[in-house]
Every structure is written in C-alpha cells, then in structure tokens.
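# Report on the structure
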Amino acid sequence: EGRLCHRVVDGLCGREPPCRSDYSTTWSLEEWLQLLDFLTSLFRLAVGNDIPDEEVSGAGGANHSHADAVLSVLRGRWEEIRRALLDRTSSISSATLQDFDWQLKLALSSDKISSLNTPLLSLCLDVRENGALRPITMELNREEVSTLISSLEAANKVVLQLK
C-alpha cells in the first residue's frame, strides 16, 4: 500500500508512475484506473487545499491500514507534492496581466443585417511576457463574455487550491 502511494506521488511529481503489470493480479483494469485517479486526486486536493489528516483518513471510506499508508506518504512527501503542483501551475504560462481596459458597445447593424442591436464588449489587455509588454484586444458578445468569466473563475479556483 505504501509502495503504491509512493509510486503515485512519483507520477504526480513527474517521475515514473506505478506500473499496472505489478498489480494486475490484485485489481482489474477498471479498478486500477479508478484507484490511480482516486489517489492522485486525493494527494492533489490534500496538499492544494491543506486538508487536515482526519479528513484525508475518512476520504473514500478507506479502512484504517490504507488510511495510515496514505497519511504516512502524504506527511513524508507533502513539500515535494506542493512544489510539483506549483511548478505545473507556473509552467502553464509565464505571462502576467499588467492592466486592462474595457468598453461596452452596441452594434446596431452589420454589412449582412440592417438591424442587429447586439451588445459587444471591447476588452484590451496589457500582458507582460518575458519582460515585454504586449497589448491584446478582443471583441466579445454576451455568450463569449460569459464563457470568459467562467474560465477565469475556474482558473482562480485552481490557483487558490495551490496556495
């Protein structure tokens, strides 16, 4: 149990994950995939959300010996998992938002339709990447604004989990 947990953490940290063939007599393929997904998610959430030991012990209805093995690995490799999660997040992009500006416009017509009456958001972002400031301008309709807001909220949630 402890060996498997260590191998799951290895995979999470970019090293070799556990090998299915080592456990093929113990779990079916479906059980194996569910177990890997559960353990990986548990380690990510426990470290990302700083979940107390009691909550980790009760996760997934694990029996006492399994919970002890998970907690032992989690305590021993907490900082390593945290660093791996932070590295993965920061490697997504080195760009940072410096400033933004917006305007709300009402498109009354287009070259195809004489009566449009569609609100449009003109969004200007100043993004700093590798020391250079790069302006990004986009025009979004109501649905696109809603999608952008949802994406930003989801990204913020992930960042908060890793703090």
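Residues numbered from 1 in each chain as written. Predicted model: local features only at pLDDT ≥ 70, side-chain atom pairs only at ≥ 80, totals over all residues. Heavy atoms only, no water.

As named in an unreviewed UniProt entry, the protein chain is COMM domain containing 8, taken from Xiphophorus couchianus.

## Description of the pairing of strand β3 (residues 132–140)
What counts, and what does not: One bridge is not enough; two strands pair if DSSP finds at least two bridges between them. A helix here means a DSSP run of H or I that spans at least four residues, while a strand means a run of E at least two residues long, and both kinds are numbered starting from the N terminus.
Bridge analysis of strand β2 (residues 118–129) against β3 gives 9 bridges, and the strand direction is antiparallel. Note that in β3 the partner of Arg128 across the bridge is Leu133. Connecting the antiparallel pair β2 and β3 is a turn made up of 2 residues, with Asn130 showing a positive phi of about 55°.

## Considering the nonpolar core
Using the following cut-off: By nonpolar core is meant a set of buried Ala, Val, Leu, Ile, Met, Phe, Trp, Tyr and Cys residues that side-chain atoms within 4.5 Å join together. Throughout this description, buried means an accessible area under 20% of the type-specific maximum (1.4 Å probe, protein chains only), exposed means over 50%, and partly exposed covers the range between. Only heavy atoms matter for contacts: two residues are in contact if any of them lie within 4.5 Å across the pair.
Membership of the largest hydrophobic core comes to 22 residues, with the highest contact counts inside it found for Leu39, Phe43, Val56, Val70, Leu74 and Ile81. Of all the elements in the fold, those that place two or more residues in this core are α1 (2–12), α2 (29–48) and α4 (64–90). Leu74 has contacts with Phe43, Ala46, Val47, Val56 and Ile81, leaving out every residue within four places of it along the chain. Core analysis: the second largest hydrophobic core is formed by 5 residues, Leu121, Leu123, Val127 and Leu140 among them.

## Section: the domain arrangement of the protein chain
The following threshold applies: Domain start and stop points were drawn from an automatic or database domain assignment.
Each domain of the protein chain was delimited in the assignment, giving domain 1 (1–92) and domain 2 (95–162). Using only C-alpha atoms to locate each centre, domain 1 and domain 2 end up separated by 37 Å.

## Considering the environment of Cys19
The residue Cys19 is located in the loop between α1 and α2 in this model. On the accessibility criterion, Cys19 (33% relative accessible area) is partly exposed. Between the alpha carbons of Cys19 and Val56 there is a distance of 24 Å; along the sequence they are 37 residues apart. When sequence neighbours within four positions are dropped, the list of residues in contact with Cys19 reads Arg7 and Trp32.

## A word on the sheet that holds strand β1 (residues 96–107)
Rules: Here an angle of 0 to 180 degrees is reported between the N-to-C directions of two axes, which are lines fitted to C-alpha atoms, with helices fitted over the stretch in contact.
Taken in spatial order, the 3 strands make up an open sheet running β1-β2-β3, and their pairing is antiparallel. The open sheet is flanked by β1 and β3, the only strands paired with a single partner. This sheet shows a mean twist of 15° between the axes of neighbouring strands, independent of strand direction.

## A few points about the side chain of Asp10
By secondary structure assignment, the location of Asp10 is in helix α1. Those residues in contact with Asp10, other than ones at most four positions away along the chain, are Arg15, Glu16 and Arg77.

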